[in-house]
Amino acid sequence: LAMAIKEAGGGMAPASVSRGLYCHRSPGTASHVMAHLRSLAVLLELSGKSEEAARYRDARRDMQEALNAEMWCEESGLYFSYNDEGRIDTAVASSLFPLYGAELDGPWVECLLRSLTDPALFGSPCPIPTLATRDERYQPDQYWRGSTWIPVNYLVARGLRDHGATEALETLVWQTVALCTAGFDEYYDASAAGPRAQGSPSCFTWSTLAILCLDLL
């Protein structure tokens, strides 16, 4: 996908792609692709394929430039998804994912750190809520309507580590571990009433990522 975007002339949504698979431009999707491109470049370099590695690094760089140009909202200090009708003005957890997939400069990192701890955005008692707390649709214990998911926390924690945000990383890791003291559920209540959300299935292996969060410290 990333190479198709690059070959089509750069940007997040060339016409040949936006009308099909990539009609929804998400900072979450872009961040995952950039992270994979970075990993592939490392593997190719280790395999002695420097030219191919350079192609993937270039593709990752182009995606990051497009991400900042097309999805960053200076006024809100967040990344937003877009579709063919324009910006989707909803702050969700994936607005923070460029911390994980991109290599951001200081001002972008500072804005995202403020959003992470802002009680009106993602600074809930049991972070990270999947929907900003200020949203009228926010329901802290409902499926992807504001509940907290360990895989989301893990990706953001990796991004905090990669950008040297040590204090924020330590806070998030221990908050994440605390969620799992009652069990490894599918998702958790993001409010002070939690952490276990009503109706959330238990014994979900992806929530054991809380343990791997400790390795990030």
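Only a predicted model underlies this, so the values are computations on that prediction, with no experimental measurement involved.

Cut-offs and rules
- Residues numbered from 1 in each chain as written.
- Predicted model: local features only at pLDDT ≥ 70, side-chain atom pairs only at ≥ 80, totals over all residues.
- Heavy atoms only, no water.
- Helix = DSSP H or I, 4+ residues; strand = E, 2+ residues; numbered from the N terminus.
- Contact = heavy atoms within 4.5 Å.
- Areas by Shrake-Rupley, 256 points an atom, 1.4 Å probe, with all protein chains shown as cover.
- 1 Å grid on protein atoms, 1.4 Å probe; cavity = no way out; pocket = protein on both sides within 12 Å on 5 of 7 lines; lining within 4 Å.
- Points joined across faces, edges and corners; volume = space filled by probe spheres on them.
- Nonpolar A, V, L, I, M, F, W, Y, C, P; charged D, E, K, R; others polar.
- Expected span 1.5 Å × (residues − 1).
- Buried < 20%, exposed > 50% of the residue type's maximum accessible area, 1.4 Å probe, protein only.
- Arc of directions from axis to C-beta.
- Core = buried A, V, L, I, M, F, W, Y, C linked by side-chain atoms within 4.5 Å.
- Phe/Tyr/Trp six-rings, centres within 6.5 Å; stacked < 30°, edge-to-face > 60°.
- Axes fitted to C-alpha atoms, helices over the stretch in contact; angles between N-to-C directions.
- Parallel < 35°, antiparallel > 145°, perpendicular 65-115°, else oblique.
- Left-handed = near helix turned anticlockwise from the far one by under 90°.

Caption draft 1: The overall build of the protein chain, seen in detail. Helix and strand counts for the protein chain stand at nine helices and four strands. Long-range contacts, defined as pairs at least 24 residues apart, comprise 57% of the intrachain contacts of the protein chain with a sequence gap of at least 6. By element, 52% of the accessible surface of the protein chain is carried by carbon and sulfur atoms, the whole surface being about 10600 Å².

Caption draft 2: Focus on the layout of surface pockets. Roughly 220 Å³ of internal volume is contained in the largest pocket. Forming the walls of the largest pocket are His32, Val92, Ala93, Ser94, Phe97, Thr130, Leu131, Trp144, Arg145, Pro151, Val152 and Leu155. Ranked by residues supplied to the lining of the largest pocket, first place goes to helix H7 (residues 150–162) with three residues. Across the lining of the largest pocket, the residue classes tally to eight nonpolar, three polar and one charged.

Caption draft 3: A look at helix H6 (residues 106–117). Across its 12 residues, H6 extends 17 Å between first and last C-alpha, which sits within 8% of the 16 Å expected from 1.5 Å per residue. Residues of H6 that are buried include every one of Val109, Cys111, Leu112, Ser115 and Leu116, and no others. For H6, the angular spread of buried residues about the axis comes to 165°, placing them on one side. Turned more than 90 degrees away from the buried face of H6 sit Pro107, Arg114 and Thr117, all of them exposed. Buried positions along H6 lie against strand S1 (72–73), strand S2 (78–79), helix H5 (98–101) and H7.

Caption draft 4: Structural context of the nonpolar core. Among the nonpolar cores identified, the biggest contains 51 residues, and Leu78, Leu96, Leu112, Phe122, Ile128, Val156 and Leu160 are the most heavily contacted of them. Considering each element in turn, this core owes the most residues, seven residues, to H7. For Ile128, the residues in contact, after removing those within four places along its chain, are Ala93, Leu96, Leu116, Phe122, Ser147, Thr148, Trp149, Asn153, Val156 and Leu172.

Caption draft 5: Inspection of helix H8 (residues 166–179) at higher detail. Here H8 contains 14 residues, and its C-alpha end-to-end distance of 20 Å stays within 8% of the 20 Å for a straight helix at 1.5 Å per residue. Contact partners of the buried residues in H8: H7 and helix H9 (209–214).

Caption draft 6: Seen up close, the environment of Ala168. Assignment of secondary structure puts Ala168 in helix H8. The class for Ala168 is partly exposed, based on a relative accessible area of 22%. With 52 residues separating them in the primary sequence, Ala168 and Leu116 have C-alpha atoms 8.8 Å apart. Here Ala168 is in contact with Leu113 and Leu160, once residues within four sequence places are set aside.

Caption draft 7: Expanded view of the packing of aromatic side chains. Considering all chains together, one arrives at eight aromatic pairs under this definition. Residues Phe204 and Trp206 carry aromatic rings whose centres are separated by 5.2 Å and whose planes lie at 50° to one another, so their mutual orientation is tilted. The partly exposed category is assigned to Trp206, whose relative accessible area is 36%. Each member of the aromatic cluster is reached from another via a ring pair, and the members are Tyr143, Trp144, Trp149, Tyr187, Phe204 and Trp206.

Caption draft 8: Inspection of the packing of helix H3 (residues 27–46) against helix H4 (residues 50–70) at higher detail. Close contact between H3 and H4 brings their axes to 8 Å; oriented N to C, the two are set at 160°. The orientation of H3 relative to H4 falls into the category roughly antiparallel. Handedness of the crossing formed by H3 with H4: left-handed. Packed against H3, whose contacting residues are Pro27, Ala30, Val33, Met34, Leu37, Arg38, Leu40, Ala41, Leu44 and Glu45, the element H4 presents Ser50, Glu52, Ala53, Tyr56, Arg57, Ala59, Arg60, Met63, Gln64 and Leu67 at the interface. Split by residue class, the contact of H3 with H4 holds 13 nonpolar, two polar and five charged.

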